[in-house]
Each structure stands twice: as structure tokens, then as C-alpha cells.
Amino acid sequence: MDIAGALSVDHLKFLADGFKVTLFIAFISIILSFIIGILLGTLRFAKIPFLSKVVAVIVETIRNMPLLLIIFFTFFALPEIGVKLSPTAAAISALTLFESAMLAEIVRSGLNSIDKGQIEAARSSGLTYIQTLRIVVMPQALRRMVPPIVSQFISLLKDTSLCVVIALPEFMHNAQIVYAQNVNYVIPIFVVVALMYFIVNYCLSLIARRLESKQA
Amino acid sequence: MIDFSILIDNLDTYLEGFKNTILASIIALIGSFIIGVIVAVMRISPIKPLNWIGSVYVEFIRNIPLLIITFFFYIGLPSIGVTLTGFVAGTIALAIYTASFIAEAIRAGIQAVPKGQMEAARSSGLTYLQAMWTIILPQAIKIVIPPIGNQFINLVKNSAILGMVAGLDLMYFGDLVSSHTFVTFDVYIFVALFYLVLTIPLSLGVGYLEKRLARSH
């Protein structure tokens, strides 16, 4: 093992560049999948004839597939039917697609956890169904959803590492370039990469735990 | 639109991958369950150092990507002289990673049983182990089965990671088929179908168990 060589200033700068890409991709995907997840989850909850069924089938299909397959598919298979995406666009689309389906389930069970009496009471006070969802149900459900949503974001951040398969210049990809130079760099680089992920994700999980205990 | 001849011509290759995906998932499930139980017991045990080791394991492993653990076994260990095949490295990594989630599920399950039950059992003359085995665990298992089922579904999906270390699973053989037929889209649609054949029935099963066990409470 060559710890000093592996962790030279140039290497660390290069790794930091990769980490920035990881955070950027994760951030964009989090925002997009949050919006789409709420939309899909609500549509499934609202039991609109036909539409809710279609959403359910789509969500269940995506949720039950490996993310790696979806990433692979968006980058390598879509060009075959004429959709060519850059690694960045493919990574963001694949992560957003998968995480939206996961979040849709969290949103649906959050909405389901609200007492049905509340909807009935709101409807009898003259609110429309949309108003009821927006003003009465959603704010309460969102508060309950926060901890599982944060854990889902943690797994999203971890999952960005799978984008090495499409040569996205993110953290794992840059780490591979560094340790490929010298076999003695492998273990030190792995330790640094694991620690970086750990620090960021552990902080997020502490936030999730605080929010959880505040609710209780 | 989708060319079924690809599936028929390469059925043996697909099935070989399918078999290995199932095999890796089952071995990793058993492994992660054993590690998970040990870590959960460490986390609830009154002995401080054990407690500490259990917590570090869970917090560290949960918060790093599975890919790093897999690469550690496949690329990291050979750099210090231990060589593993992709299948073995991937399966070990899956077991270690999933164990951290299973340990948390088991710990939460045991702690969800009211403390009074243990106290009552102990005052009726049962030893700690007897009370744990006959009173606490049967109740905890009911709480723990659905989350462990969900972890198993995740494990099956995560097993695609074997494809990245030449682990002879569905992803790996899908790659192989696409590289000699020069078709990607259809080949991966079939790979996806094979995964769904495994995960959809599992999801439905876990959903059913969740409802039944919730009713029996």
C-alpha cells in the first residue's frame, strides 16, 4: 500500500471533481424525482378510474427492476430507437425514473396513513376533492413522509455510483482512474471514497432521525 | 416490434444467468440473515463494546454504496493477494450490505415488543433466554417478516451488481448476448422481464403478508 502516493494533492483534487459531479447529479435527480413522485403517488392514491391503474402498473414495474438495468438501458439501448443521451442526461433520467417510482410509493402510503374521516369532514365542509388533498391531507402526510423520503435520498446518493457503467465522470469513476495507475493505490482510495460517502450520508441520516424524533 | 427470436435463440444463456441470479440472491439472503441476527443481538446486548461494534457496522455499511463493497472484494483484495471470482465477491458484498438493513429490522422488531412482557416472563421464573425464545421472539418475528421480505426484494434487484464484476448473473449474460447479436434494446427488455418474473411475485407476497400480519395484531 502506498498511502502518500495515492492521496497526493492532484489525486485528491481529481476525486473532489468527481464528488462534485456526484452531488450535482444527485441534487438534480432528487428535485425532479420529488416532484414526479408526489404527482404519481397522488394520482395512484386518488383512485381515478383507469388512470390510477395505469400509474400503478408503471410504478410497480419500475420499482421492481434493478436500477443498474435502467441506467444501462437509458444509455445503451435507447440510441437503438433513436434517443441519444449524453452520460449526464442518461444518468439523470435513469435515476429520476427509478427514484420517482420509489417516492410515489412513499407518498401513497403517507397519504393512506391519514385518517379517512378527515377527508370526509373536509368534503362535508364544502371543500372540493383537490382542495381537500392540497389543504388538509397533503400537509399532514408530507410531515409523516419526511423520514422515509430522506432515506430514499440517501440511497439515491449511493446509487449514483452505479453510473460508472456509462462513464459518467462522477466520484467512483474518477476513483477508478486514480487506482488504475498503481495497484498499491487501490485500498487507500477505496477507504477514502467509502469515508466520503459515509460522511455525507451519515449526516443526512442524522437529519432524518432528528425530524423523526421531533414528530414523535 | 420486439424480436422474440433473440430470446429463443439465446434462451440457454438467459437461463444460466437467471439461475445464477437466484443462486446468488439465496446465498446472500441466508448469509445476510445470519450476520443480521448476530449484529442485531450485539446492538441490543447490554455489553457496551459489542453494542458499539454492532452500531459501527450498521451505520457504516448502510451509508456507503454497495458498489464500493463489491469492488473492495473484487479489486481491493487481489491487490493484497486474495483473489475471488466475480460471483463470490459479489455474493459476499451483497450479504454484508443487506445484513446492515436486516440487523436494523430485527432490532426494531425486538424493541417493538413491550418491555413489560420480558419483565412478566422473567418474574414468572423463565430465564432470559427462555423468555427471549418463547415470549419475545415469536412476537418480534411477526413484526420483522415484512421488512425482511422487502430487503430480500432489494437484494434480488441489487444482485445486478454482479454484472459489473463478471459475476455470471442475468446482467452479465445480457451483456454477452447483446455483444454477439449487436442488439441492445430487445436484449435488455428480456433481461428486465426475467427480473420482473422474480420481483413482482415477491412484492405481491410481501404485500399480502404485511396485510395479514397487520390484521392478526
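Please read these numbers as outputs of a predicted model, since none were measured by experiment.

1. A word on the overall build of chain B
Working step 1: Looking only at helices and strands, chain B has 9 helices and 0 strands in total.
Working step 2: When the helices and strands of chain B are placed in sequence order, the string is α-α-α-α-α-α-α-α-α.
Working step 3: The dimensions of chain B, computed from C-alpha atoms along their principal axes, are 70 × 50 × 25 Å.
Working step 4: Residue pairs in contact within chain B that sit at least 24 positions apart in sequence constitute 74% of those at least 6 positions apart.

2. Focus on the overall build of chain A
Working step 1: A count of helical and extended segments in chain A gives 9 helices and 0 strands.
Working step 2: In terms of overall dimensions, chain A has C-alpha extents of about 70 × 50 × 20 Å along its principal axes.
Working step 3: The buried share of chain A, taken over its 216 residues, is 40%.

3. Regarding the interface of chain B and chain A
Working step 1: At the junction of the two partners, chain B supplies 29 residues and chain A supplies 30 residues.
Working step 2: Taken together, the elements giving at least two residues each to the side of chain B that touches chain A come down to α3 (48-62), α4 (66-79) and α9 (185-215) of chain B.
Working step 3: The greatest single-element share of the side of chain B that touches chain A, amounting to 9 residues, is contributed by α9(B).
Working step 4: Its residues assigned to classes, the side of chain B that touches chain A shows 20 nonpolar, 7 polar and 2 charged.

4. A short note on the environment of B:Ile47
Working step 1: Residue position: B:Ile47 is located in the loop between α2 (11-44) and α3.
Working step 2: C-alpha separation for the pair B:Ile47 and B:Pro146, spaced 99 residues apart in sequence, amounts to 29 Å.

5. Points about the confidence of the model for chain A
Working step 1: A residue-level look at chain A finds 99% of positions with pLDDT of 70 or above and a mean pLDDT of 91.
Working step 2: Looking at the elements of chain A, mean pLDDT is at its lowest for helix α1 (residues 3-6) of chain A, recorded as 81, and at its highest for helix α5 (residues 87-112) of chain A, recorded as 95.

6. Topic: the packing of α4(B) against helix α5 (residues 86-112) of chain B
All names here are of chain B.
Working step 1: At a closest axis distance of 8 Å, the pairing of α4 and α5 adopts a crossing angle of 140°. Relative to α5, the element α4 lies oblique. When you trace α4 past α5, the crossing you get is right-handed. Contacts from Leu-66, Ile-69, Thr-70, Phe-73 and Tyr-74 of α4 reach α5 at Gly-86, Ala-89, Gly-90, Ile-92, Ala-93, Ile-96 and Tyr-97.
Working step 2: Looking at side-chain class alone, the contact of α4 with α5 contains 9 nonpolar, 3 polar and no charged residues.

7. Some thoughts on the packing of helix α2 (residues 9-45) of chain A against helix α3 (residues 51-63) of chain A
Residues and elements named next belong to chain A.
Working step 1: Following both chains from N to C, one finds α2 and α3 inclined at 130°, their axes separated by 8 Å at the closest point. Relative to α3, the element α2 lies oblique. By crossing handedness, the relation of α2 to α3 is classed as left-handed. Contact residues: α2 offers Leu-40, Leu-43 and Arg-44, while α3 offers Leu-51, Ser-52, Val-55, Ala-56 and Val-59.
Working step 2: When grouped by side-chain class, the residues that make up the contact of α2 with α3 number 6 nonpolar, 1 polar and 1 charged.

8. What about the environment of B:Ser123?
Residue and element names in this part refer to chain B.
Working step 1: Tracing the backbone shows Ser-123 in helix α6 (residues 115-123).
Working step 2: Ser-123 sits in the exposed class, given 9 other C-beta atoms within 10 Å.
Working step 3: Note: C-alpha distance between Ser-123 and Pro-65 (58 residues apart in sequence) is 46 Å.

9. Observations concerning the nonpolar core
Working step 1: A:Leu68, A:Leu69, A:Ile71 and A:Ala91 are the most contacted members of the largest nonpolar core, which totals 117 residues.
Working step 2: Setting aside its immediate chain neighbours within four residues, A:Leu68 contacts A:Leu162, A:Val165, B:Ala160, B:Ile161, B:Gly163 and B:Met171.

10. A closer look at unusual backbone geometry
Peptide bonds are mostly trans, and most non-glycine residues show a negative phi.
Residues and elements named next belong to chain B.
Working step 1: Even without being a glycine, Ala-166 presents a positive backbone phi close to 50°.
Working step 2: Following the sequence through the fold, Ala-166 ends up in the loop between α7 (128-158) and α8 (170-181).
Working step 3: Residue classification places Ala-166 among the partly exposed positions, given that 15 C-beta atoms sit within 10 Å.
Working step 4: Here the phi dihedral of Phe-182 falls at roughly 60°; this positive angle occurs in a residue that is not glycine.
Working step 5: When you line up the elements, Phe-182 lands in the loop between α8 and α9.

11. Some points on the confidence of the model for chain B
Parts of the model with low pLDDT should not have their predicted coordinates read in detail.
Working step 1: When pLDDT is averaged along chain B, the result is 91, and 99% of the positions lie at 70 or above.
Working step 2: Quick note on the complex model: pTM equals 0.91, ipTM equals 0.90.

12. Description of the environment of B:Ile27
Working step 1: By the secondary structure assignment, B:Ile27 is in helix α2.
Working step 2: Separated by 68 residues in the primary sequence, B:Ile27 and B:Ala95 place their C-alpha atoms 7.9 Å from one another.

13. Digging into helix α4 (residues 67-77) of chain A
Working step 1: Most of α4(A) sits out of view: 10 of its 11 residues are buried.
Working step 2: Looking at the buried positions of α4(A), the neighbouring elements they touch are α5 and α7 (129-159) of chain A together with α8 and α9 of chain B.

Reading guide: rules and limits
Residues numbered from 1 in each chain as written. Chains lettered and ligands numbered in written order. Predicted model: local features only at pLDDT ≥ 70, side-chain atom pairs only at ≥ 80, totals over all residues. Helix = DSSP H or I, 4+ residues; strand = E, 2+ residues; numbered from the N terminus. Contact = placed C-beta atoms within 7 Å. Buried ≥ 20, exposed ≤ 12 C-beta atoms within 10 Å, placed from the backbone. Nonpolar A, V, L, I, M, F, W, Y, C, P; charged D, E, K, R; others polar. pLDDT = per-residue confidence, 0-100. Axes fitted to C-alpha atoms, helices over the stretch in contact; angles between N-to-C directions. Parallel < 35°, antiparallel > 145°, perpendicular 65-115°, else oblique. Left-handed = near helix turned anticlockwise from the far one by under 90°. Core = buried A, V, L, I, M, F, W, Y, C linked by C-beta atoms within 7 Å.

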